[in-house]
Amino acid sequence: MALQMTLHHTPIFQISEPAADPLRLVRVNVNRDMLHVVLAVSFAKEPDQIISSLLFVNVAGFIYVTDIDIQREKITYLAPLAGELPGRFLIVGTLTWIET
């Protein structure tokens, strides 16, 4: 089932360049390049808790981005379950998935 979220309510972060500082988060500006990425859903309640939650706790799960509407500030995604995500912070890595 395709679900949607509003960008300003769900910030997306990326771990900075590992060689520079592997424990620093950078907020990501969403653009069309994020189409087909897999995002991790963090259990963290605040942005400064994301790194510690990644070090000591599993992520809540993963979602797959199927569409990005920059004008409406909406992301359409697939998730294993319908309903609200268990966390409001998302983490992007290097994993993309394109179905052929």
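Here is a short report on the structure shown in this document. Please read all numbers here as calculations on a predicted model, not as lab measurements.

1. Some points on the overall build of the protein chain
Part 1 of the argument: Across its full length, the protein chain holds one helix and seven strands.
Part 2 of the argument: In terms of overall size, the protein chain behaves like a compact globule, its C-alpha atoms giving a radius of gyration of 13 Å where 100 residues would be expected to give roughly 13 Å.
Part 3 of the argument: By principal-axis analysis of the C-alpha atoms, the protein chain measures approximately 35 × 30 × 25 Å.
Part 4 of the argument: Here the protein chain holds 100 residues, and the buried ones make up 37% of them.
Part 5 of the argument: Taking as baseline every contact in the protein chain between residues at least 6 positions apart, the subset at least 24 positions apart corresponds to 66%.

2. Things to note about the sheet that holds strand β7 (residues 89–96)
Part 1 of the argument: Reading across the sheet, the seven strands line up as β1-β6-β5-β4-β7-β2-β3 and stay open at both edges, with mixed pairing between neighbours. Each end of this open sheet is capped by a strand with a single partner; those strands are β1 (2–6) and β3 (25–27). Taking each pair of neighbouring strands and ignoring which way they run, the sheet shows an average axis angle of 45°.
Part 2 of the argument: Strand direction decides the pairing type here: strand β2 (residues 12–15) and β7, joined by three bridges, are parallel. Among the inter-strand pairings, glutamine 14 is bridged to a residue of β7, identified as valine 92.

3. Points about the environment of aspartate 33
Part 1 of the argument: Topologically, aspartate 33 is positioned in the loop between β3 and β4 (37–42).
Part 2 of the argument: Accessibility expressed as a relative area gives 68% for aspartate 33, which makes it exposed.
Part 3 of the argument: C-alpha of aspartate 33 to C-alpha of serine 52: the two residues are 19 residues apart in sequence and 28 Å apart in space.

4. Description of the packing of aromatic side chains
Part 1 of the argument: Tallied over the entire structure, the rule returns two aromatic pairs.
Part 2 of the argument: Pairing phenylalanine 13 with phenylalanine 89 gives two aromatic rings, centres 6.0 Å apart and planes at 55°, and the pair type is tilted. Placement of phenylalanine 13 in strand β2 and of phenylalanine 89 in strand β7 is noted, with a sequence separation of 76 residues between them.
Part 3 of the argument: Classification of phenylalanine 13 by relative accessible area gives buried; the value is 9%.

5. As for the nonpolar core
One recurring pattern in soluble globular proteins: nonpolar side chains tend to sit buried together.
Part 1 of the argument: One finds Ile12, Met34, Leu39, Ile63 and Leu90 to be the most contacted residues of the largest nonpolar core, which totals 18 residues.
Part 2 of the argument: Every residue in contact with leucine 90, bar those within four places of it in the chain, is listed here: Met5, Thr10, Pro11, Ile12, Phe13, Leu39, Ala40, Val41, Ile63 and Leu85.
Part 3 of the argument: In this structure, Leu25, Ala40, Ile50 and Ile51 belong to the second largest nonpolar core, which totals eight residues.

6. Thoughts on the layout of surface pockets
Part 1 of the argument: Considered as a void within the structure, the largest pocket measures approximately 170 Å³ in volume.
Part 2 of the argument: As for the largest pocket, its lining consists of Gln4, Met5, His9, Thr10, Tyr77, Gly83, Glu84, Leu85, Gly87 and Arg88.
Part 3 of the argument: Of the residues assigned to the lining of the largest pocket, the class counts are three nonpolar, five polar and two charged.

Calculation criteria
Residues numbered from 1 in each chain as written. Predicted model: local features only at pLDDT ≥ 70, side-chain atom pairs only at ≥ 80, totals over all residues. Heavy atoms only, no water. Helix = DSSP H or I, 4+ residues; strand = E, 2+ residues; numbered from the N terminus. Rg over C-alpha atoms; globule rule 2.2 N^0.38 Å. Buried < 20%, exposed > 50% of the residue type's maximum accessible area, 1.4 Å probe, protein only. Contact = heavy atoms within 4.5 Å. Pairing = 2+ DSSP bridges. Axes fitted to C-alpha atoms, helices over the stretch in contact; angles between N-to-C directions. Phe/Tyr/Trp six-rings, centres within 6.5 Å; stacked < 30°, edge-to-face > 60°. Core = buried A, V, L, I, M, F, W, Y, C linked by side-chain atoms within 4.5 Å. 1 Å grid on protein atoms, 1.4 Å probe; cavity = no way out; pocket = protein on both sides within 12 Å on 5 of 7 lines; lining within 4 Å. Points joined across faces, edges and corners; volume = space filled by probe spheres on them. Nonpolar A, V, L, I, M, F, W, Y, C, P; charged D, E, K, R; others polar.

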